[in-house]
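# Close look at the chain arrangement
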Amino acid sequence: MATDGKSYVEVRPNMIGLATVHDRDVLIYCISQVMAALNDGKQVQRTLRFKAYDLLVATNRPVAGTGYTGLKAALERLQGTQIETNITTGGVEQIDGFSLIDRYRIVRETRDGRMLDLEVTLSDWVFNAIAGDDVLTLNRRYFQLRKPLERRLYELARKQCGTQPEWKCGLEKLQGRTGSTSSDKEFRRLVKAICKADEEHNHMPDYAFRLEADILTVTPKREFLDTYAAKPQQDRLTGGYILPLSPDTLERARELSPTWDINVLVGEWRTYAARQKEPPKNPDAAFLGFCKSWYEKRGRSGW
């Protein structure tokens, strides 16, 4: 179980086995498809259909027979793994128990057993997290990280550090957040090895990791600040603009347009922004201006 003292996530396997950190590549790919559709102002549903080959290429998996076999096994584990959490998603806090995906369907297979088309239905919890802007974009190099702890450290860096100058976390608290079951000594050794490898080979995307006196310090790398922090980027999987909005901005937007569904406004704004020659330099300010103008023109018709 992973916890930060306020919220927790407990993962339970079933007879098929526990979903691995690499199985989550499939989930991340599905989320990227939904986010791309939202950015384009399109209607989205929990059930997605896509080419298996596209997923394998995007997530740095082999496209030979072993890749397809591994993908089917990953789908089985994602559906079978049960999760309980009290994390807030979409502005609502509750204790939820769910699977990461509700179902999957291999739509077509060739005679040699390769799947061609897939249908995946995301769980309500995952889908609501996407709709509530509670997910973060990941560097495509994330899929090249082979160690589970490397991936978890990167995920924490994206969430906790973002584009701030630095983020610090003690090893004891960090171990709880990663959900590691290693001994204190072994966890320290693993984190130290990752930090040393990053210092020597610069293999961790976006962030630098340094360990001193049992305190992990995370700082954004220059290339990350030059791209993500400078202006909205294009999703490396979909090509669509990433226009993130902070929770504070969404709350302020609800005040500016009190009778409108915030998800409708987000969709309308992203559709509008996609038609412009350049993405907005400040997405939060641009969105608030859009909401104010929208409400002045359309008023209470959001009921």
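Everything below is about the structure printed above this text.
These figures come from a predicted structure and were not determined experimentally.

In this structure the tally under the stated criterion is 19 salt bridges. Where R46 meets D102, a salt bridge forms, and the shortest distance between an N and an O atom there is 2.7 Å. Pair noted here: R46 is in the loop between helix 1 (24–39) and strand 3 (47–51) and D102 is in strand 6 (residues 101–106), with a separation of 56 residues, a long-range link. Between R46 and D124 there is a salt bridge, with its nearest N and O atoms 3.0 Å apart. Of the two residues, R46 is situated in the loop between helix 1 and strand 3 and D124 in helix 4 (residues 124–131); the sequence distance between them amounts to 78 residues. Via salt bridges that share partners, R49, K51, R105, D117 and E119 belong to a single interconnected network.

The subject of this paragraph is helix 11 (residues 283–298). Here helix 11 spans 22 Å end to end across 16 residues, near enough to the 22 Å set by a 1.5 Å rise per residue. Every buried residue belonging to helix 11 is among P283, F287, F290, C291 and W294, and all of these are buried. All buried residues of helix 11 lie within an arc of 100° about the axis, which places them on one face of the element.

Glancing now at the side chain of T121. Among the secondary structure elements, T121 is positioned in strand 7 (residues 117–122). Its relative accessible area of 6% is what places T121 among the buried residues. Of note is the side chain of T121, whose polar atom sits 2.8 Å from the side chain of T47. In this structure T121 touches R46, T47, I101, D102 and R103, once residues within four positions along its chain are discounted.

Each value, and the rule that gives it
Residues numbered from 1 in each chain as written. Predicted model: local features only at pLDDT ≥ 70, side-chain atom pairs only at ≥ 80, totals over all residues. Heavy atoms only, no water. Salt bridge = Lys/Arg side-chain N within 4 Å of Asp/Glu carboxyl O. Helix = DSSP H or I, 4+ residues; strand = E, 2+ residues; numbered from the N terminus. Expected span 1.5 Å × (residues − 1). Buried < 20%, exposed > 50% of the residue type's maximum accessible area, 1.4 Å probe, protein only. Arc of directions from axis to C-beta. Polar contact = N/O pair within 3.5 Å; in protein donor to acceptor, adjacent residues only side chain to side chain. Contact = heavy atoms within 4.5 Å.

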